[in-house]
Amino acid sequence: MKLTVTQFVSLDGVSQAPGAPDEDTSGGFTRGGWFVPHMDERFLELALAWLAEADALLFGRRTYDNFSRDWPEIGAANPADPFAGTMNSIPKYVASHSLRTADRWQPTTILSGDIPAQVAELKQRPGREIQIHGSARLAQSMLAAGLVDTLRLVIAPVVVGTGRRLFPDGGAPVGLRLTSGETTPRGLAIHVYDTTGRPEYGTYQSGT
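The rules we used
- Residues numbered from 1 in each chain as written.
- Predicted model: local features only at pLDDT ≥ 70, side-chain atom pairs only at ≥ 80, totals over all residues.
- Heavy atoms only, no water.
- Pairing = 2+ DSSP bridges.
- Helix = DSSP H or I, 4+ residues; strand = E, 2+ residues; numbered from the N terminus.
- Axes fitted to C-alpha atoms, helices over the stretch in contact; angles between N-to-C directions.
- Contact = heavy atoms within 4.5 Å.
- 1 Å grid on protein atoms, 1.4 Å probe; cavity = no way out; pocket = protein on both sides within 12 Å on 5 of 7 lines; lining within 4 Å.
- Points joined across faces, edges and corners; volume = space filled by probe spheres on them.
- Nonpolar A, V, L, I, M, F, W, Y, C, P; charged D, E, K, R; others polar.
- Buried < 20%, exposed > 50% of the residue type's maximum accessible area, 1.4 Å probe, protein only.
- Arc of directions from axis to C-beta.
- Polar contact = N/O pair within 3.5 Å; in protein donor to acceptor, adjacent residues only side chain to side chain.

Student: Explanation requested: the sheet that holds strand β4 (residues 108-111) in the structure shown.
Tutor: Strand-to-strand pairing in sheets goes through backbone hydrogen bonds, with the strands running parallel or antiparallel. Taken together, the eight strands give an open sheet; going across it, the order is β4-β3-β2-β5-β1-β6-β8-β7, and neighbouring strands pair in mixed fashion. Of all strands in the sheet, those bounded by a partner on one side alone are β4 and β7 (175-183). Pairwise comparison of adjacent strand axes, ignoring direction, gives a mean angle of 25° for this sheet. Where strand β2 (residues 54-60) meets strand β5 (residues 129-133), four bridges bridge the pair, whose relative direction is parallel. If you follow L57 over to β5, its bridge partner there is Q131. Packed onto the sheet, helix α4 (residues 115-123) meets β1 (2-10), β2, β3 (92-95), β4 and β5 and runs at close to 140° relative to β4.

Student: What should I look at first to understand the layout of surface pockets in this one?
Tutor: It is the rolling of a water-molecule-sized probe over the atoms that shows where space remains empty. Volume-wise, the largest pocket comes out at about 1,200 Å³. As for the largest pocket, its lining consists of 40 residues, and the residues nearest its centre are F8, P18, E23, F67 and G134. Of all the secondary-structure elements, those providing two or more residues to the lining of the largest pocket are β1, α1 (41-51), α2 (61-77), α3 (82-89) and α5 (136-144). Taken together, the residues that form the lining of the largest pocket break down as 19 nonpolar, 11 polar and 10 charged. Empty space within the second largest pocket amounts to approximately 170 Å³. The wall of the second largest pocket is formed by Q140, L143, A144, L151, L166, F167, P168, G171, A172, V174 and L176. Top element by residues in the lining of the second largest pocket is α5. It accounts for three residues. Taken together, the residues of the lining of the second largest pocket break down into nine nonpolar, two polar and no charged.

Student: Where do I start with α4 in this structure?
Tutor: Working note: α-helix, 3.6 residues per turn, so residues spaced by three or four point in the same direction. Those residues of α4 lying buried are I115, V119, L122 and K123. Looking down the long axis of α4, one finds its buried residues gathered within 100° of arc, a one-sided arrangement. Contacts made by the buried residues of α4 are with β1, β2, β3, β4, β5 and α5. You can read the cap of α4 off the contacts: a side-chain oxygen lies 3.2 Å from the backbone nitrogen of A117, and it is on D114.

This is how it looks when you write it as structure tokens:
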């Protein structure tokens, strides 16, 4: 299976709490919900098409706690919801060194110990995509381990100004190749990249 990462980011790279003011207030963050005003039908079409490629989902602890609380309720309230049907039914993995049980949102398997090695083993299994949604810290560690195959960035036309960023200072360098891109009616810039290993570097020479 391929490992893909889907992340909502602001123009200044913030990935914290895109969906609601109270989604993630860690570090005193008070500007959550910055992504929501820019959602539109085209974005939802793309998001549903991406999710349809998933044969498994991989989360960090914080995102798993939020999703395992919300998605079963969404599915119960609206059984026809296409996102909830997939999210609630396919296998889920949560990377955590502290979580002991994950009975609330089945089927879920807890990964602990050498998480990159376990994710590498999952990638060897037959199937299409293991998808990371949110879970920026987990995404960073998987990029650093060279395990991410495809990165889908949904960039909102807003500068948040503060908050946890997807690519922090000191992060691992990663080379990328743009495979597709478009802009939705409300201004979301969709960039899809394949990873290419280490970045290349060069020196500009005038006239060449």
